[in-house]
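# Understanding the architecture of this molecule
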Protein chains: 2
Amino acid sequence: MDFKVLNNISYGMYVVATRDNDNNFGCFVNTVSQITAENPTIALSINKENYTNEMIKKIKRFSVSILSEKTNPSVIGTFGFFSSRDTDKFANVKYEYMQDLPILTDNMCGNLMCELLEVVDVETHDIFIARVIDTKSYNEQLTPMTYKYYHEVIKGKAPKTAPTYKNLNENIEENETVINDNSKIQFETEQINTTSAYKKYRCTICGHIYDEAVEKVRFCDLPDDWVCPICGVGKELFVEE
Amino acid sequence: MDFKVLNNISYGMYVVATRDNDNNFGCFVNTVSQITAENPTIALSINKENYTNEMIKKIKRFSVSILSEKTNPSVIGTFGFFSSRDTDKFANVKYEYMQDLPILTDNMCGNLMCELLEVVDVETHDIFIARVIDTKSYNEQLTPMTYKYYHEVIKGKAPKTAPTYKNLNENIEENETVINDNSKIQFETEQINTTSAYKKYRCTICGHIYDEAVEKVRFCDLPDDWVCPICGVGKELFVEE
C-alpha cells in the first residue's frame, strides 16, 4: 500500500493561537475545513503532543490566521518547529489582539475567531470543531499559501507532529548527524564557475534547502549571523544535500 | 462579520463513493484531510441531505478519488450537481472497482479505500472519520485539482449542499428564472467583430460560464447537442450574464 498518494490531498497553511494567563500559545496547522454554511463552523486537527492543543481545550476559544504566499516563511518555522512550552513564538512575529486572543498580521489572508464546540479524539490527534464567531479581512489581494506551495516553492518539510510527516519526509533520517565539513565546501569554491559545482544545503531542523544555484551566494560565504529563513536556526545546523 | 474570508481556506477536489445492492453512489466533496500519520486516518464532511451520506453510514466503507487538473470537469458537474437518488452518476464516467467499491479513473491523482471509524454530527453536515485501508497510485505526474483552480480556471460554482455555498455564490439568486432569449443573441451576432460584443452565458445549474471571447464561437452557433462541460445540461439552461 502506497501512502504517498495521501500527499495529493490539498491543504492551506494556518496558525492557530490562544492565550492564557497573559501568555500566548500557537501552532502551525494545515488541516482547516469549513464544515457548515449557515452560522459557519470549521474543523481542524492538532497533534495531542502540541501544547496549543492542551491550551485550546482549557480556554475553549482560539484564533486562526490564514497564511498567504507573501507571509514570511519564518512564521512557519517558528510555529511549526518549536514548542510553546519553551518558546515565546510571538516574540518575533507581527501580531495584534482580536477579542483578547492573538492573531498574526504579517501578510495574512484573514483571521477567524472561533469558539470550541466539540473535541473528537482520533488516536494521536484531536479534531476541534468550532463556531466562527468573528472574522478579520484585509484589503490586499493576497493568494492563500497552500501546503503544495510551501513544499514546492519554499521547499519546506513537515514537522514531526504533522499528520503528513511520514508520507512527506520519507528520505530524512530521524537522528541525522550534523556534519559541518568546511574543508569540502572550500574545495568546491574553486569550481563554482560551473553550474554543476553549485551545492545545496539542507536545514536539519525544518528541512529548508539553501540552493547556491538559486541564491547566487555560496553557503560558506553567508555571514556568520545568517539564519534559516524557515525556522531561524544558524548555519551550523545545515548539512550538504 | 465578513464570512467571505472563509473563501481563503484551501481545499482539493474529491469524489467519495460507495456501493449497495449492485448500485453505485457517490458525491463531490472538497473537505478531505489526513488526520493521523501512522496507520493513517482521514476525515471528510458530507451534507446530511446527500444520499451518499446515508449510504456510507449503512455500508461503513467508501472510496475517495482525488481529482487532478486534467480530470474532465463533467465529473464535478455529475457528482456535485445531481443526486444519487435519481441519477446513475457512474453512467458517463470512467471507473473501475477496488475491493468491490467504485473508484474513478479519469486522470485521477490516486484513490483511497476507507473504513468508517466514526460519524460526528455537526448540524447540517456529518464528519466521517475513517481508516485508509488501501490506496491506488498512478504513474502520471498529475497536479491535484484545488477548489481555487475549479473556481478561477474552470469558473465553477459551489453546489447548494456545499459548506462554502453561501460565501461563494453570493450573487446567484436561488430561484433564478431560465431565460432563453434567442432574439437578443441573434441581434448580437451582427456586432461580433468587435471584442466588446462578445457575451458570456452562465449555466443555471452549476454556474459554469461560457465566454464567447475565449471560445471564439458564438453561443447561438453551438450545435444543438452541445452540453455544459461541467454538469452536462443542454444550452436551454444557460442564461446571458
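Relevant structure appears above.
This section reports on the structure supplied with the text. (Residues numbered from 1 in each chain as written. Chains lettered and ligands numbered in written order. Predicted model: local features only at pLDDT ≥ 70, side-chain atom pairs only at ≥ 80, totals over all residues. Heavy atoms only, no water.)

### Side note on the sheet that holds strand E12 (residues 238-240) of chain B
All names here are of chain B. Keep this limit in mind: Only strands that DSSP links by at least two bridges are regarded as paired with each other. Under the scheme used here, helices are H or I runs from DSSP no shorter than 4 residues and strands are E runs no shorter than 2 residues, and both carry numbers assigned from the N terminus. Axis geometry follows a simple rule: fit a line to the C-alpha atoms, using only the stretch in contact for helices, then measure angles between N-to-C directions, giving values from 0 to 180 degrees.
The strand order across the open sheet formed by 3 strands is E11-E10-E12, and the pairing between neighbours is antiparallel. This sheet does not close on itself; its edge strands, each paired only once, are strand E11 (209-211) and E12. Strand after strand, the sheet turns through a mean of 30 degrees between neighbouring axes, direction not considered. Bridging between strand E10 (residues 200-203) and E11 involves 3 bridges; their strand directions are antiparallel. Looking at the pairing, Arg 202 lines up with Ile 209 of E11.

### Structural notes on the interface of chain B and chain A
Interface extent is often summarised as the accessible area lost during association of the parts. Keep this limit in mind: Contact criterion: two residues are considered in contact whenever any of their non-hydrogen atoms come within 4.5 Å of each other. As a working definition, buried area equals the accessible area (1.4 Å probe) given up by two parts on being put together, with both sides summed. Salt bridges are counted wherever a side-chain nitrogen of Lys or Arg sits within 4 Å of a carboxyl oxygen of Asp or Glu. Nitrogen and oxygen atoms within 3.5 Å of one another constitute a polar contact, given that in protein one can donate a hydrogen and the other can accept it, and given that sequence-neighbouring residues count only through two side-chain atoms. Residues are grouped as follows: Ala, Val, Leu, Ile, Met, Phe, Trp, Tyr, Cys and Pro are nonpolar; Asp, Glu, Lys and Arg are charged; all remaining types, including Gly, are polar.
Counting from both sides, the interface comprises 56 residues of chain B and, opposite them, 56 residues of chain A. Interface area, chain B with chain A, both sides summed: about 4300 Å², of which 61% is carbon and sulfur. Residues Glu 123 of chain B and Arg 131 of chain A are paired through a salt bridge, measuring 2.5 Å at the closest nitrogen-oxygen approach. Summed over the shared surface of chain B and chain A, the result is 14 residue pairs in polar contact (both at pLDDT 80 or more). Elements with a minimum of two residues in the side of chain B that touches chain A: strand E3 (32-36), strand E4 (41-47), strand E8 (108-122), strand E9 (125-136) and helix H4 (165-168) of chain B. Broken down by class, the residue content of the side of chain B that touches chain A amounts to 27 nonpolar, 19 polar and 10 charged.

### Re the relation of the copies chain B and chain A
Formally: We place the copies in one frame by least squares, fitting the C-alpha atoms of every residue whose pLDDT is at least 70 in both.
Taken as rigid bodies, chain B and chain A are interconverted by a rotation of 180 degrees and an axial shift of 0.0 Å, the fit giving an RMSD of 0.1 Å. Taken together, the rotation and translation describe the operation of a two-fold axis. Every residue of chain B has its C-alpha some distance from the rotation axis, and the shortest such distance is that of Tyr 11 of chain B, at 2.8 Å. Counting the interface residues of chain B, we find that 100% of their copies in chain A are interface residues as well, pointing to one common contact surface.

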